[in-house]
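# Overview (structure and organization)
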Amino acid sequence: MIRQTRLRLRHLARNTRSLGARVARVYIGLLIAVMTVTIIVASSGISLFAHRAAERDLAANARVFEQIIASRQQQMADAGAVVALDFGFREAFATGDRATLSSALASLRERTGTREATVISLDGEVIASAGARKINGTAILSALDAGENRGVAMLDGDLALAAAVPIELPDLAGWLVLFNTLGPADLAELAHLSAVEVSGKVLDRSRMPSALAAMPLASVETVSGASGQELAQVSALKSLESGLEPRLILTHSLATAMQGFRQLQLVLALIALAGAAIGAWLSIRMTRGIARPLHLLAKAARKYGAGDVAKVQVEGDSEVRSLARSFNAMVDAVEERERQITHASLHDSLTGMPNRRFFLEKLDRAMVRQSADHRTLVAFIDIDDFKAINDTMGHPLGDSLLRNVANTLQARFPDAMVARFGGDEFGLLMTGIDTAADCANLARTIDTVLNREVVIDGQTMLQSASFGIAIGPQDANDADALLKCADLALFRAKSDGKATCHFFESTLDEEASRRRRLEIDMRRAIREGQFELYFQPLYSLVEDRVKGFEALMRWPHPDHGMISPVDFIPIAEESGMIVQLGEWAIREACAHAASWPGELSVAVNISPRQLQADGLNTCVVQSLATTGLPADRLELEITESVFIGDVERTLQLLHALKSLGVRVALDDFGTGYSSLAYLRSFPFDKLKIDQSFVRALAEGGSAHAIVRAITTLADALGIETLAEGVETSADLESLRGIGCNMIQGYFISRPVNSRDVPALLHSLAGSADLHAHAA
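Residues numbered from 1 in each chain as written. Predicted model: local features only at pLDDT ≥ 70, side-chain atom pairs only at ≥ 80, totals over all residues. Heavy atoms only, no water.

### A look at the overall build of the chain
Of the regular secondary structure elements, the chain holds 26 helices and 26 strands. Split into buried and exposed, the 775 residues of the chain put 43% on the buried side. In the chain, 64% of the contacts between residues at least 6 apart in sequence involve partners at least 24 apart. Accessible area of the chain: about 39,500 Å², with a carbon and sulfur share of 54%. (Helix = DSSP H or I, 4+ residues; strand = E, 2+ residues; numbered from the N terminus. Buried < 20%, exposed > 50% of the residue type's maximum accessible area, 1.4 Å probe, protein only. Contact = heavy atoms within 4.5 Å. Areas by Shrake-Rupley, 256 points an atom, 1.4 Å probe, with all protein chains shown as cover.)

This is the structure we're talking about:
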């Protein structure tokens, strides 16, 4: 019996030892097999990835080449459009003045850096800037007749980029065509812009090697080249010459593409070998005593998965103790991470205050407990001009200002919840307010905290905020409705000006509904073309005559009559519809002005949102080209608020517009931001003196001196001045004495419909008629 027991124990010990050996052998064998397969698959994958990456790079570079070529053609077309619209150039073309045409073409060629600038008449005759050129005018004219105006054409036997612009008198009379070289040097220069080493050339399809000519367009194929296997792509370029089929050919060496991946394959192999060796050694170490730790870990994991905080007792060998400590550390880390995630989901990362979600959860609970004797107060707070602070003083200071507002509010109201909703919006929640509490006094306290002089990051500044207050249950019985009421009150406060407060009133909800209905009606009005332009004359005190008109938008609503711009323009600004309305106003104003006699100009107001959006420059160019209105008869009026934000982009756009010949006026001068700084940055054509200064002239005081200073400054800078809001002859004579150049206002005329402009011009034919009209 004893012997049999010993044999069983010895056999059990051998089985236990052989288990570790078998596990180690199986683990090592599997590891080696996996590593081998991984190396083979990874190596093949790397080769395939390298090949496809090279194909993608070549295709991407082909698109870049095509975009650059298209961009150069567009630049040539834009430069040619300016000349084609020039009156002197069209007159020379109409009269057949070849000397003037050649001079203008030579000037255009030098200014734009193009190889050649030519005029092609409708009979195919070519007039070049540099004498005789080998240009097939008839073939190019055929392509132009087919609707093409960009492409590749032959110039002196070489392929060249070409862009054509119509010459209209006003019907099509010919084409202005600009050529630029497209030789090996030009393509080499484009190749330097590529992220990979590529070679490019442009050939006519008839001169291409047969292998390349047979390739499908825009596809990447492997071909044999001078340096071995190469990737090639053939793309079709637009032709501006009948019978010409230009092709862009890009090639990229496969050997070069694969070179960087060979080292990666070698490193992968070395890593796999090292991993296999380390894994074999670790497998032997890990198999010893692995059964019990696995059992304990599995048991603890099952308990933890069921929701219990389960930990493993640290005991046994060093490996077991390390594994147990790691498992316990993982449990602690997961618990801490869950706590952090919960905190982050309910708090603002910048200020550390509760966020909107947490605020609403607490507001929901407060609304359940509230009653007539235990009221709930919600304040919706918005920092005034926060975007301007960020843009002018920097985002770090703006972040510090947000933290200062949050911390100051929390310090002043320690029992209330202060939350940041996002951006520059905050919420303040007070619960359990009894009927004896003075809510107006609370509002004054909030105002004192928010609107004061503060020092932020060493800079002294005036902190300004507006807020709206709603109180439950008198204003609303649920959290969302009460917060909406506070938001409506904030909107009214912002409408009243900066640093203001407003309590919710039932009329605010009605006002919000009215604004929403008005916005819906505006969208329908845009679709149905209900808007109209009225025109108010701009009268010259120097020449005693009308020199132009300002276009003013009007909306004759089919149900409510004439809607004031004061009501619909702010809604258009907020909704973004002002961009569409503004472009319509430019097109309509140019169309009307083109029919006016003489050199009468038209002024159109431009919204800051139009300058922020893309397409204003294109809209102006198209409107002038479509209507035939000379650019110097269009005046765009902007306010100083357009310079808040991306000043550099705004100035670039204004300079681009001015380069077209369009006049630019600064409206409401003296009421906005840093007027003198922008007079130095941009050469305005006109300053419009705000009507508040004109109204103050009759009151005496400093208004007279201010207006004189403005006119003196403008005169020194060579800028014209115009005074708005002139309603009496006394205003007119005062402004004439001060030296103001032009006036605008009801004294001259109210805005009139476009069909009444001729009659108004007749009644204002002279200064004597002006006084009679005023009487």
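Text resumes after the structure shown.
### Side note on the nonpolar core
Across soluble globular proteins, you tend to see nonpolar side chains buried next to one another. Counting residues in each nonpolar core, the largest one holds 81 residues, and the members touching the most others are Leu634, Ile638 and Leu735. Considering every element that reaches this core, the biggest residue donor is helix H17 (residues 577–593), with 9 residues. If near-sequence neighbours (up to four positions away) are discounted, Leu634 is found in contact with Cys590, Val602, Val604, Val620, Leu624, Leu629, Val662 and Arg663. Residues Ile433, Val449, Val454 and Ile469 belong to the second largest nonpolar core, which totals 33 residues. (Core = buried A, V, L, I, M, F, W, Y, C linked by side-chain atoms within 4.5 Å.)

### Comments concerning the pairing of strand E9 (residues 246–253)
For E9, the buried fraction is high: 8 of the 8 residues fall into the buried class. A two-sided burial pattern is seen for E9, the buried positions comprising Pro246, Leu248, Leu250 and His252 on one face and Arg247, Ile249, Thr251 and Ser253 on the other. The pairing of strand E6 (residues 199–204) with E9 spans 6 bridges and is antiparallel. The residue bridging Lys201 from the neighbouring strand is Ile249, located in E9. (Pairing = 2+ DSSP bridges.)

### A short note on the sheet that holds strand E16 (residues 501–503)
The strands making up a sheet are joined through hydrogen bonds of the backbone, oriented either antiparallel or parallel. In spatial order, the strands read E11-E12-E10-E15-E16; together these 5 strands make up an open sheet with mixed pairing. The open sheet terminates on both sides in strands that have one partner only, identified here as strand E11 (417–422) and E16. Each neighbouring strand pair of the sheet contributes to a mean axis angle of 20°, computed without reference to strand direction. Pairing geometry for strand E10 (residues 375–383) and strand E12 (residues 425–433), over 7 bridges, is antiparallel. Opposite Ala379, over in E12, you have Leu428 as the bridge partner. Of the strands in this sheet, E10, E12, strand E15 (465–472) and E16 touch helix H13 (residues 439–450), which is tilted by about 155° from E15. (Axes fitted to C-alpha atoms, helices over the stretch in contact; angles between N-to-C directions.)

### What to know about the packing of helix H16 (residues 565–575) against H17
Relative orientation of the contacting elements H16 and H17 amounts to 115°, with a least axis distance of 5 Å. Classified by the interaxial angle, the pair formed by H16 and H17 is roughly perpendicular. Facing Ile569, Ala572, Glu573 and Ser575 of H16, the residues of H17 in contact are Met577, Ile578 and Leu581. Its residues placed into classes, the contact of H16 with H17 shows 5 nonpolar, 1 polar and 1 charged. (Parallel < 35°, antiparallel > 145°, perpendicular 65-115°, else oblique. Nonpolar A, V, L, I, M, F, W, Y, C, P; charged D, E, K, R; others polar.)

### Remarks on the side chain of Glu635
Within the fold, Glu635 resides in strand E21 (residues 634–639). Taking relative accessible area as the criterion, Glu635 reaches 2% and is therefore assigned buried. Within the local environment of Glu635, its side chain forms a polar contact with the side chain of Arg663, the two groups lying 3.3 Å apart. Excluding residues within four positions of it along the chain, Glu635 makes contact with Val602, Ala603, Val604, Arg663, Ala665 and Lys686. (Polar contact = N/O pair within 3.5 Å; in protein donor to acceptor, adjacent residues only side chain to side chain.)

### Some points on a nonpolar patch on the surface
Nonpolar side chains collect at one region of the surface, where Leu266, Leu270 and Leu273 lie side by side and expose about 330 Å² of accessible area between them. Checked against the element boundaries, Leu266 lands in helix H7 (residues 254–286). A relative accessible area of 55% places Leu266 in the exposed class. (Patch = residues over 30% accessible without salt bridge, like charges linked within 9 Å, V, L, I, M, F, W, Y side chains within 5 Å. Salt bridge = Lys/Arg side-chain N within 4 Å of Asp/Glu carboxyl O.)

### Structural notes on the sheet that holds strand E4 (residues 158–168)
Sheet architecture is open: 5 strands sit in the order E2-E1-E5-E4-E3, paired in antiparallel fashion. Strand pairing shows two members of the sheet lacking a second neighbour, strand E2 (126–128) and strand E3 (150–155), which therefore form its edges. Neighbouring strand axes in the sheet, compared pairwise and without regard to direction, differ in orientation by 35° on average. Pairing of strand E1 (residues 116–121) with E2, which is carried by 3 bridges, proceeds in the antiparallel orientation. Within the sheet, the bridge partner assigned to Ile120 lies in E2 and is Val126. Sheet strands touched by helix H2 (residues 87–95): E1, E4 and strand E5 (172–181). Its angle to E4, the strand with the most contacts, is close to 95°.

### Re helix H4 (residues 137–145)
All of the buried residues in H4 are Gly137, Ala139, Ile140, Leu141, Ala143 and Leu144. Lining the buried residues of H4 we find E1, E2, E3, E4 and E5. After H4 finishes, the residue Gly147 shows a positive phi value of roughly 105°.

### Observations regarding the packing of helix H23 (residues 703–717) against helix H24 (residues 729–738)
Two numbers describe how H23 lies on H24: the axes approach to 9 Å, and their chain directions differ by 50°. Taken as axis vectors, H23 and H24 run oblique relative to one another. Once H23 is placed against H24, the crossing between them reads as right-handed. Residues His704, Val707, Arg708 and Thr711 of H23 form the contact with H24, whose own contacting residues are Leu735, Gly737 and Ile738. Of the residues belonging to the contact of H23 with H24, the class tally is 3 nonpolar, 3 polar and 1 charged. (Left-handed = near helix turned anticlockwise from the far one by under 90°.)

### Things to note about helix H11 (residues 386–393)
Of all the positions in H11, only Phe386, Ala388, Ile389 and Asn390 are classed as buried. Those residues of H11 hidden inside the fold are in contact with E10, helix H12 (395–412) and strand E14 (459–463). Gly394 sits one or two positions beyond H11 and adopts a positive phi of about 100°.

### Thoughts on the state of the cysteines
Covalent bonding between the sulfur atoms of two cysteines is what defines a disulfide. Within this structure, the stated rule accounts for 0 disulfides. Unpaired in this structure, Cys590 has its nearest cysteine sulfur neighbour in Cys619, at a distance of 8.0 Å. (Disulfide = S-S within 2.5 Å.)

### Quick notes on the pattern of salt bridges
Where charged atoms from two side chains of opposite charge come close, those side chains can pair. A full pass over the atoms with the stated rule returns 24 salt bridges. For Glu245, the salt bridge is made with Arg247, and the minimal N-O distance between the two is 3.5 Å. On the basis of relative accessibility, which here comes to 11%, the residue Arg247 falls in the buried class. Residue Arg649 is joined to Asp614 by a salt bridge in which the shortest nitrogen-to-oxygen separation is 3.0 Å.

### With respect to the pairing of E10
Side-chain direction in a regular strand flips from residue to residue, so the side chains alternate between the two faces of the sheet. Taking burial as the measure, the 9 residues of E10 include 9 buried ones, the bulk of the element. Examined bridge by bridge, E10 and E15 share 8 bridges and lie antiparallel to one another. Residue pairing in the sheet places Asp382 in a bridge with Ser466 of E15.

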